[in-house]
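# Structural characterization, general
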Amino acid sequence: MVNGIRWDVLTPEIAARDWDGFVSSFDDHHIRQTLAWGRLKTGSWTPAHAALFNGPTPLAAALILERRLPLGVGSLFWINGGPLYRKRHARGQDLSALQDFLEGLKERARSRGRAIIRLNFDIAMDLDAQLVVRAAGFSRPLSPLGTGLTYRADLTKPLEDIRGSFEKNWRNQLNRAEKAGAVVEFGRSPELLRRYQPLHDALCVRKGLHGQRLSTADLERMTGILGDSILFFIVSAAGADGCGGAVWVHGDHAWFALSSANEHGLRHNLPNAMFWEVMKRLKDMGVSVFDITGIDPAENPGVYNFKRGLGLPPVETLGEWQWATTPWLARAFDAAIFARRDSLQ
């Protein structure tokens, strides 16, 4: 402890009592940093809840997911949607908390012998924070999981302004979906999950995302753990399901979590109706920021062009960073991720 500042891993009892309150106290809180997310990942990962404290106040925090790498080559520390940190105090910018948290994180990694840390900040690009992360020895991974680019909708605007910002062709497709009688059903019922599962499974098979396939049991477990933090939906027309998905909700933030469509849905422009109705539902729930969750113009131009039609300004996040106890471990991990990019989802 230096001047009352300490880096600490919470006991399970203290985490169960205090962690979600800590997460919510940060401006850029994320569902993937919550207690429930750690429970969801338990089994394939071992969660730990770490924070840099000034007395009882967390200055920076992260849900750390840890697992042993194959062949005993070391340990992997995965922080998705974090670390969270205080960007400002009364006198302006102060990133010393982030710097101190990263140093404590590296010390914990070193205690495992060989280890690699992968971070994925979801905050908008912060050049000062980028300098701090680089100074702590982190670098951009050779095999990132995403582009670090996304669209975020401001749901505090009036609905007519939101709809009016859609590109003309996108809005025309929405009109056609509504004329086709698109019906959107929201909920978490087992019946809704059973209807969504084949849509999701077919998408994963079609795109080769075998590591992201989900059974109905997986969806039920996800819903049971996340509870009100996840909301599913199915869009149908002419008596047949055409697309569906789910959003994560944490406080006044929401993220597109799952999405898939079949030929029937695409033919009737049902994804357009899905996005519009989800925006309206989230606005009614008090959500102010809706993250459309990732765009990749090079590797996934079809989805990129569809999302671009929403007329939203693109956002570059601080994104992914990596540090390892030895350079060869970083290179080996990058090679493994390149071969199987869905392994950290």
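Conventions adopted
- Residues numbered from 1 in each chain as written.
- Predicted model: local features only at pLDDT ≥ 70, side-chain atom pairs only at ≥ 80, totals over all residues.
- Heavy atoms only, no water.
- Helix = DSSP H or I, 4+ residues; strand = E, 2+ residues; numbered from the N terminus.
- Buried < 20%, exposed > 50% of the residue type's maximum accessible area, 1.4 Å probe, protein only.
- Polar contact = N/O pair within 3.5 Å; in protein donor to acceptor, adjacent residues only side chain to side chain.
- Arc of directions from axis to C-beta.
- Contact = heavy atoms within 4.5 Å.
- Core = buried A, V, L, I, M, F, W, Y, C linked by side-chain atoms within 4.5 Å.
- Salt bridge = Lys/Arg side-chain N within 4 Å of Asp/Glu carboxyl O.
- Pairing = 2+ DSSP bridges.
- Phe/Tyr/Trp six-rings, centres within 6.5 Å; stacked < 30°, edge-to-face > 60°.

With that settled, consider the side chain of aspartate 126. With respect to the helices and strands, aspartate 126 occurs in the loop between β8 (115-124) and α4 (127-135). For aspartate 126, a relative accessible area of 12% puts it in the buried group. A polar contact of 3.1 Å, which involves the side chain of aspartate 126, links it to the backbone nitrogen of aspartate 128. Polar side-chain contacts of aspartate 126 include one of 3.0 Å to the backbone nitrogen of alanine 129.

By the burial criterion, the buried members of helix α8 (residues 216-226) are Leu219, Met222, Thr223 and Leu226. Buried residues of α8, viewed axially, fall in a sector of 95°; they line one side. Contacts made by the buried residues of α8 are with α2 (35-41), α7 (190-207), β11 (230-237), β12 (240-250) and β13 (253-261). Of the residues trailing α8, glycine 227 is marked for its positive phi of about 60°.

The next point concerns the nonpolar core. With 35 residues, the main nonpolar core has Val247, Met279, Leu282 and Phe290 as its most contacted residues. The element best represented in this core is helix α10 (residues 270-284), accounting for 8 residues. Core analysis: the next-biggest nonpolar cluster, separate from the first, contains 32 residues, Leu40, Trp78, Leu226 and Phe333 among them.

Moving on, we get to helix α11 (residues 301-308). An α-helix turns once per 3.6 residues; consequently, residues spaced three or four apart project the same way. Every buried residue belonging to α11 is among Tyr304, Phe306 and Lys307, and all of these are buried. The arc that holds every buried residue of α11, seen down its axis, measures 165°, which confines them to one face. Elements in contact with the buried residues of α11: β9 (149-154), α6 (168-179) and α10.

Let us look at the pattern of salt bridges. Within the structure shown, the criterion is met by 15 salt bridges. One salt bridge connects glutamate 185 with arginine 195, and the closest N-O pair in it is separated by 2.9 Å. Taken together, the residues glutamate 185 in strand β10 (residues 183-187) and arginine 195 in helix α7 connect sequence positions 10 residues apart. The shortest N-O distance in the salt bridge between aspartate 241 and arginine 195 comes to 2.7 Å. In this pair, aspartate 241 is assigned in strand β12 and arginine 195 in helix α7, connecting sequence segments 46 residues apart. A single salt-bridge network, built from bridges that share partners, covers Arg118, Glu320 and Asp334.

On to the pairing of β8. Of all 10 residues in β8, 7 are buried, a share of seventy percent or more. Relative to β8, strand β4 (residues 75-80) runs parallel, the two sharing 6 bridges. Bridged to isoleucine 79 within β8 is leucine 119. For β8 and strand β15 (residues 314-324), the ladder comprises 7 bridges, and the chain directions are antiparallel. Residue pairing for β15: phenylalanine 121 is matched across the bridge by glycine 319.

Along the chain, lysine 106 falls in helix α3 (residues 96-110). The buried category is assigned to lysine 106, whose relative accessible area is 7%. Lysine 106 has contacts with Ile117, Ala136, Phe138 and Trp323, leaving out every residue within four places of it along the chain.

Its place among the elements puts aspartate 218 in helix α8. Sequence separation between aspartate 218 and phenylalanine 101 is 117 residues; the distance between their C-alpha atoms is 34 Å.

The next subject is the packing of aromatic side chains. Counted according to the given criterion, the structure contains 14 aromatic pairs. Arranged with centres 4.7 Å apart and planes meeting at 55°, the rings of phenylalanine 166 and tryptophan 170 form a pair that is tilted. As far as burial versus exposure is concerned, phenylalanine 166 and tryptophan 170 are alike and both buried. Here phenylalanine 275 and phenylalanine 306 contribute two aromatic rings whose centre-to-centre distance is 5.4 Å and whose plane-to-plane angle is 65°, an arrangement assigned as edge-to-face. On the criterion of sequence distance, the pair formed by phenylalanine 275 in helix α10 and phenylalanine 306 in helix α11 is long-range, its members being 31 residues apart. The exposure classification of phenylalanine 275 matches that of phenylalanine 306, with both residues buried. Within the aromatic cluster, the residues linked to one another by ring pairs are Phe166, Trp170, Phe186, Phe233, Phe256, Phe275, Trp276, Phe290 and Phe306.

Below, the discussion takes up unusual backbone geometry. Note the cis peptide between glycine 82 and proline 83, where omega equals 5°. Assignment of secondary structure puts proline 83 in the loop between β4 and β5 (84-85). With a phi angle near 55°, alanine 238 is a residue other than glycine that sits in the positive phi range. As for its placement among the helices and strands, alanine 238 is situated in the loop between β11 and β12. Residue class for alanine 238 comes out exposed when judged on its relative accessible area of 70%. Located in the positive-phi region is threonine 293, a residue other than glycine, with phi close to 70°. The residue threonine 293 is located in the loop between β14 (289-291) and α11 in this model.

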